[in-house]
Structures are given as C-alpha cells and as structure tokens.
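Topology and contacts: notes
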Amino acid sequence: MVNKKMPHIGTKLPGPKSKKLINKDEKFVSQSYTRAYPAVIDHAKGAYIFDSDGNSYIDFHAGIGVCATGNCHPEVVAVVKKQAEKAIHIASADFYHPLVGKLAEKLGEITPGAKEKRVFFGNSGTEAVECALKLARYNKRKPRMIAFIGGFHGRTMGSLSLTCSKINQRKYFAPMLPEVTHVPYAYCYRCPFNLEYGSCDIACVKFIDEVILQKVAPAEDVAAIFVEAIQGEGGYIVPPVEFHPRLKKVAEKYGIYYVVDEVQSGMGRTGKMFAIEHWGVVPDIITVAKALASGMPIGACIAPKKLMTWVPGAHSTTFGGNPIACAAALKTIELLENGLMKNAEKMGKYIMPRLKKMWEDFDIIGDVRGKGLMIGIEFVKDKKSKKPASDYSNEVEQQCFRNGLMLLTCGPNGVRFIPPLIIDEEIADKALKIFEKVVKNIAGRKKR
Ligand SMILES: Cc1ncc(COP(=O)(O)O)c(C=O)c1O
C-alpha cells in the first residue's frame, strides 16, 4: 500500500531476496540487457515501485516511459481483465476484432494531419519503425534513408540501421541496411557546427539540404528522413522551434517522407499528445509504442490512408493488434485526454524551475531541458569546459536508486526524468529532494 513514509529503503541494496533472484537471473537471462542498478521488482502501484525485499521507490523511470498512466492504473487493469476473459489473442492478421478498428480510428483522429489514416499494429517500438521503413521503401521504390546522430529507433536490423546513439548498440552487427546516412541533430548545447543558436540560421538543416542531399545521398534516391521529435535515448535533446518546420520543408521540396518517431516522446508525455505538435509540423508517418497501452506490448505505425496502400502480405505479424493491448490503449488514450496530458504539462512547469535553480547552484549541471514530463539533465565536469561527465550521471542514477528514486540515464552524460504522468506536487517534491541531495553530495565532493 502506498503511504506517506514512502519511499523507504529498509535493507542493503540489493536485499537478500533480491540478491538470490538476481543470481538466478544472471545464470539464465541474456546479459545484453542493460540493467543499470540491481532492482528486482515485485509490484508497482501509481508512482511507486516495490522490490522483492519490501523496499519502496519513487518511480521516475516509468518502465522506460511506458507506464504513463501510472503503474497498474485501476481502469487499465479492469479493461485488461475484462478483455482477457473474452479473447487473449485473435490473430489480427487473419481475423477482425472491434477493438483493433476502434483503436486505429482513434489513432487516426489524435495524430496530426487529416483524420483519414491507416494503422499497422506491432508489439514494440522497433516493429513500428520497421513498418515505417518498409512502407517508405515500398511506396517510394527508393533505397536511401536519412537519420540522425544520437537518434534511437530500436535494435532490430532495420531500425538499428537508423539508430546511432551508443556504440555498443551497433558494434559487431554490420553490415546493416545499406544507404542510411546519419547527419547531426540540432543539439544546440553542443552545436555540431560550433555555432550559436540565434545566429546559426539552423545550419544543421541547411547542411542536409545543401551538402548531404547534393553530395552524399542524392535526393532522388532518398525515401525518408527518420527523426525523433525530441531525441530520447540520445540525451533528451529538444531542437529549436525552427528545426522541424525547416527540415520538413526540405523533405517536401524533394518528395521525401518525414517520418517522426514518437515512441518515447508521444502519448501525452510532453503535454501534447505528440511532441511534434510543439513544432506545428504534420509528419507523413508517425511511429508510437511505449506508453500507448500503459504497459501492454504494442507498437503502431500511422500514415495517411493514401500512403498506406500496400498489398495483403506485404507486411504482417502474428501478434500485432492484440485485443488486450488495444483495450488498454483505448483506455490509456481516454485517461490522457481526460487530464493526464494536462497534468504532464502542469507538473513539467512545476519541476523545471526547481531544476533550473539547481543548474544555477551546481557547476556540474551543464544543461536542463525538456517539455512536460520529458526532462533531461546533462552533467559536465564544469560549466565552462562543458566536458561531459558520464561518471557523474551514472553516479546520480546509482545514488538516487539507493535513496529510493528510480530514474534513468540518457545520452552519454545525462539523466532523464520520465515519471508516470499521474505524479503530483508531493511526489515531485520528494523526488527533487532526493535528486538535489545526491547532486549536492557529488558536487561537494568535487570541490574538496
Ligand atoms: C524513439 C524510440 N524509437 C524506438 C524505440 C524502440 O522501442 P522498443 O524498445 O519498444 O523496440 C525506442 C526505445 O527506447 C525509442 O526511444
């Protein structure tokens, strides 16, 4: 049960029961999972997580941004139970189900652009991206793609070819899809062109138009530009207001699809249903997953009706369009529309000034950025040198865990706040207190 005393850590971490379970897991489970800290989750409720030894934590991780409606939201649990009694799997590739059509219609309505859209359902973010990739190639009959340095789109071979975030994700997996060209993202804190925002004339977009599409990847051969509205795994990088509109114009000029990956930034997290709405840009194709169904596995690739016209069998799946996941997604969207998306905006505005104040107070915080409840904090050796400090970001993550706050790093030297969208001021205060204590401790040690 959630109570005022939480979070509460009553054992050494990991506790004895957790330790046993971790030992077993390490014997049998793939070591490729990243698992930054030794948490064995027993159950979770709202914005709290409980481990196998009875320790409780504030959840600022949300299962990598999945549990937007909080852990086990009662209304989500109810629709999942109800649908599980009726049909757990129906093979949407072969049969129809009312919830599949209903969810597709709803996604068409809530995504930017004309309502008339079609949706392909898979089970994950990477599958949504694979679908977009294949759809772009299928329609355009062109082989090339543009993607961004720092971008993350998944780890299956197609999406991995677009991913360019951490080297471990790509190392030893070559050859990947040929003809993917990676270009610098609008990372203004560390401008790849060494320019200043305000006088740069958005050089990163001009570079794509005037150099990449003219000398590297002929525009005639490019099917799509894949871009995250806000870069997630790459470091919670928010591009400037001009970035997406200008880049979309370049894509339109050459007849290239603008594919926006909203797997992490979508579903209300930034205070709008889709982060790209902050830039007023209508993508040609949108990919979503993570928070879409509050934890039931689902991924969706959404495109205008006239664009998704491929023939039966061109792309399909056994599990995609699962009725339980669709029921959970419809309920999730209802909850987001009925208050959680607004709460994300409100709580983002509550948290951000507190982090900005920490930025003023601590030389090891180089940058604080984000929208709604998608917030990144970049750690540096000191503000002047801006030297990336992955040792600090990793230690912040570890120490926060040991003090009862679960969060996650992003980029080489960042930490992200990605809590469930249900959090209130009381929970935010508790989390910020732990975070500040940890940062103060590390910053203080550095001074000595
Ligand atoms: C923007 C983005 N796209 C795609 C993916 C891949 O999603 P999944 O891990 O569900 O395959 C992720 C996962 O973090 C992501 O952040």
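Residues numbered from 1 in each chain as written. Predicted model: local features only at pLDDT ≥ 70, side-chain atom pairs only at ≥ 80, totals over all residues.

Side note on the domain arrangement of the protein chain
Partitioning the protein chain into domains gives domain 1 (16–72 + 341–447) and domain 2 (90–321). Each of domain 1 and domain 2 has a C-alpha centre, and the two are 26 Å apart. Contacts between the two partners involve 27 residues from domain 1, matched on the other side by 23 residues from domain 2. Taken together, the elements giving at least two residues each to the side of domain 1 that touches domain 2 come down to helix H2 (62–65), helix H10 (323–361), strand S11 (365–371), strand S12 (374–379) and strand S15 (414–417). Of the residues belonging to the side of domain 1 that touches domain 2, the class tally is eleven nonpolar, nine polar and seven charged. (Domains from an automatic or database assignment. Contact = placed C-beta atoms within 7 Å. Helix = DSSP H or I, 4+ residues; strand = E, 2+ residues; numbered from the N terminus. Nonpolar A, V, L, I, M, F, W, Y, C, P; charged D, E, K, R; others polar.)

Focus: the sheet that holds strand S2 (residues 48–51)
Within a beta sheet, neighbouring strands are joined by backbone hydrogen bonds and run either parallel or antiparallel to one another. In space, the four strands of this open sheet follow the order S1-S2-S3-S13, with mixed pairing throughout. Looking along the sheet, the strands with just one partner apiece sit at the ends: strand S1 (41–45) and strand S13 (405–406). Note that S2 and strand S3 (residues 56–59) share three bridges and pair antiparallel. Note that in S3 the partner of Tyr 48 across the bridge is Ile 58. (Pairing = 2+ DSSP bridges.)

Here's the deal with helix H4 (residues 98–110)
For an α-helix, the turn length of 3.6 residues means that residues three or four places apart are oriented alike. For H4, which comprises 13 residues, the first-to-last C-alpha distance of 19 Å matches the rise-based estimate of 18 Å (1.5 Å per residue) to within 8%. What H4 keeps buried is the set Leu 99, Val 100, Leu 103 and Leu 107. Taken down its axis, H4 places every buried residue within 105° of arc, on the same side. Structural note: H4 exposes Pro 98, Glu 105 and Glu 109 on the side pointing more than 90 degrees away from its buried face. Each element contacted by the buried residues of H4 is listed here: strand S4 (117–122), strand S10 (299–304) and H10. (Expected span 1.5 Å × (residues − 1). Buried ≥ 20, exposed ≤ 12 C-beta atoms within 10 Å, placed from the backbone. Arc of directions from axis to C-beta.)

Here's the deal with the environment of Val 222
Among the secondary structure elements, Val 222 is positioned in strand S7 (residues 222–228). For Val 222, a count of 25 C-beta atoms within 10 Å translates into the label buried. Discounting chain neighbours no more than four positions away, the residues touching Val 222 are Lys 142, Arg 144, Met 145, Ile 146, Leu 213, Ala 217, Tyr 254 and Ile 256.

Quick notes on unusual backbone geometry
The linkage connecting Leu 13 with the following residue, Pro 14, adopts the cis geometry, with an omega of -5°. On the secondary structure map, Pro 14 appears in the segment before helix H1 (16–28). The omega torsion across Ala 174 and Pro 175 is 0°, close enough to zero to call that bond cis. Mapped onto the secondary structure, Pro 175 falls in the loop between helix H7 (167–170) and strand S6 (180–183). One non-glycine residue with positive phi stands out, namely Tyr 236, at about 50°. Tracing the sequence through the fold places Tyr 236 in the loop between S7 and helix H9 (243–254). Its identity is not glycine, yet Ser 294 carries a phi of approximately 55°, on the positive side. Within the fold, Ser 294 resides in the loop between strand S9 (285–288) and S10. The class for Ser 294 is buried, based on 32 C-beta atoms found within 10 Å.

A closer look at the pairing of S4
Here S4 lies mainly inside the structure; five of its six residues are buried. Pairing between S4 and S10: six bridges, direction antiparallel. For Phe 121, the partnering residue across the bridge sits in S10 and is Ala 300.

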